[in-house]
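A structural walkthrough
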Amino acid sequence: GVGKGVTDYLIDNKVNWKELINVSSVNNDLHYVACGPLPPNPSELLLSERLEQLISTLKNEYDFVLIDTPPSLNLYARIALLSADYLLIPSDLKPFANEGLINVANFLKKINNDRKIFNMEPVQLLGVVPTKIQTAAKFVQYTLPKMVKTVEERYGFKVLESYIFDRRDVSAAIEQVGNLDIPNPQSVLDYKPDSQSAQEFHDLAHEILKLINYHQQ
């Protein structure tokens, strides 16, 4: 099971960052850190120097650090963007999500103004990642290109070339259960590594590496 999380680390100075590391069942080189229990004073903890130290340590220890945030522009998102180098925005490209891009743009502008005060480089917006996209042939051929054009021309956001379609293999991987019917969700990369869905995630990873000009040592 998952051990200690970020909040445990922030609350207790005796907790070492290595105690937070969990190894993924998908790949031994993929590690993750859980958020931990909900603290009574989340705002105070998120603004602590200990969080900054943790992120700095992880950046030095790993090739990449991915920070997942709730889909709301709150303190959690602000702390993440003050710590990050790049930003990816997952979206289904539908009108409701598109309207939210206006708020994201304003939020990112404020974040970069704050970073400038601290002599930090601005967060680089890599673009919008199309996710949960319908697979119907006519939709992909006619409607999807119009949706992409809307995001890029009306809202000014680059849309990545790699799409994550809403395929059955992804749903089936998430719906996996273990002994005693206990939910045991899997990554589609582990559930069906040779599937089209898995390939779409591989393509996305390669596109991101290209965008950040990453060259493996």
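Let us look at the structure shown here.

On to the environment of Ile11. Structurally, the position occupied by Ile11 is in helix 1 (residues 6-11). Judged by relative accessible area, which is 54%, Ile11 ranks as exposed. Setting aside residues up to four positions removed in sequence, Ile11 forms contacts with Pro39 and Leu45.

Along the chain, the position of Ser197 falls in helix 9 (residues 196-211). Judged by its relative accessible area of 1%, Ser197 is buried.

A separate point is unusual backbone geometry. For residues other than glycine, phi is negative in most cases, and the peptide bonds are mostly trans. The phi dihedral of Asn119 falls on the positive side, at around 55 degrees, and the residue is not glycine. Of note, Asn119 is situated in the loop between helix 5 (95-117) and strand 4 (124-130). Positive phi is not limited to glycine here, since Asn213 has a value of about 55 degrees. With respect to the element layout, Asn213 can be found in the segment after helix 9.

To continue, consider the pairing of strand 3 (residues 86-91). Only one face of strand 3 is covered, namely the face carrying Leu87, Ile89 and Ser91; the face carrying Tyr86, Leu88 and Pro90 is uncovered. With six bridges joining them, strand 3 and strand 4 adopt parallel strand pairing. Opposite Pro90, over in strand 4, you have Val129 as the bridge partner.

A cluster of nonpolar residues, Ile117, Phe118 and Met120, forms a patch on the protein surface that exposes about 340 Å² of accessible area. On the secondary structure map, Phe118 appears in the loop between helix 5 and strand 4. Owing to a relative accessible area of 59%, Phe118 belongs among the exposed residues under this scheme.

What follows is about helix 5. With 23 residues, helix 5 extends 35 Å between its outermost C-alpha atoms, agreeing within 8% with the 33 Å of an ideal straight helix rising 1.5 Å per residue. What helix 5 keeps buried is the set Asn98, Leu101, Val104, Phe107, Leu108, Ile111, Asn112 and Arg115. The secondary structure elements touched by the buried residues of helix 5 are helix 4 (75-83), strand 3, strand 4 and helix 6 (137-153). Backbone geometry just downstream of helix 5 places Asn119 in the positive-phi region, at approximately 55 degrees.

So, about the pattern of salt bridges. Using the criterion set out here, one finds six salt bridges in the structure. Glu200 is the partner of Arg167 in a salt bridge, and the nearest nitrogen-oxygen pair spans 2.7 Å. Separated by 33 residues along the polypeptide, Arg167 in the loop between helix 6 and helix 7 (168-174) and Glu200 in helix 9 bring together distant segments of the chain. The same class applies to Arg167 and to Glu200, which are both buried. Among the ionic pairs, Asp169 bridges to Lys192, the shortest N-O distance being 3.4 Å. One end of the pair, Asp169, is in helix 7; the other, Lys192, is in the loop between helix 8 (188-191) and helix 9, with 23 residues separating them in the sequence.

Tracing the chain through its elements places Ser195 in the loop between helix 8 and helix 9. You can call Ser195 buried: its relative accessible area is 9%. Polar side-chain contacts of Ser195 include one of 3.2 Å to the backbone nitrogen of Ala198. When neighbours within four sequence positions are excluded, Ser195 is seen to be in contact with Asp169 and Val188.

A separate point is the packing of helix 4 against helix 5. Helix 5 packs onto helix 4 with a crossing angle of 50 degrees between their chain directions and a minimal axis gap of 10 Å. By the angle between their directions, the pair helix 4 and helix 5 is classed as oblique. Crossing of helix 4 over helix 5 shows right-handed handedness. Residues Ala77, Arg78, Leu81, Leu82 and Ser83 of helix 4 touch helix 5, and the partners they reach there are Phe107, Leu108, Ile111, Asp114 and Arg115. Grouping the amino acids of the contact of helix 4 with helix 5 by side-chain chemistry returns six nonpolar, one polar and three charged.

What counts, and at which threshold
- Residues numbered from 1 in each chain as written.
- Predicted model: local features only at pLDDT ≥ 70, side-chain atom pairs only at ≥ 80, totals over all residues.
- Heavy atoms only, no water.
- Helix = DSSP H or I, 4+ residues; strand = E, 2+ residues; numbered from the N terminus.
- Buried < 20%, exposed > 50% of the residue type's maximum accessible area, 1.4 Å probe, protein only.
- Contact = heavy atoms within 4.5 Å.
- Pairing = 2+ DSSP bridges.
- Patch = residues over 30% accessible without salt bridge, like charges linked within 9 Å, V, L, I, M, F, W, Y side chains within 5 Å.
- Areas by Shrake-Rupley, 256 points an atom, 1.4 Å probe, with all protein chains shown as cover.
- Salt bridge = Lys/Arg side-chain N within 4 Å of Asp/Glu carboxyl O.
- Expected span 1.5 Å × (residues − 1).
- Polar contact = N/O pair within 3.5 Å; in protein donor to acceptor, adjacent residues only side chain to side chain.
- Axes fitted to C-alpha atoms, helices over the stretch in contact; angles between N-to-C directions.
- Parallel < 35°, antiparallel > 145°, perpendicular 65-115°, else oblique.
- Left-handed = near helix turned anticlockwise from the far one by under 90°.
- Nonpolar A, V, L, I, M, F, W, Y, C, P; charged D, E, K, R; others polar.

None of this, on its own, says anything about what the molecule does.
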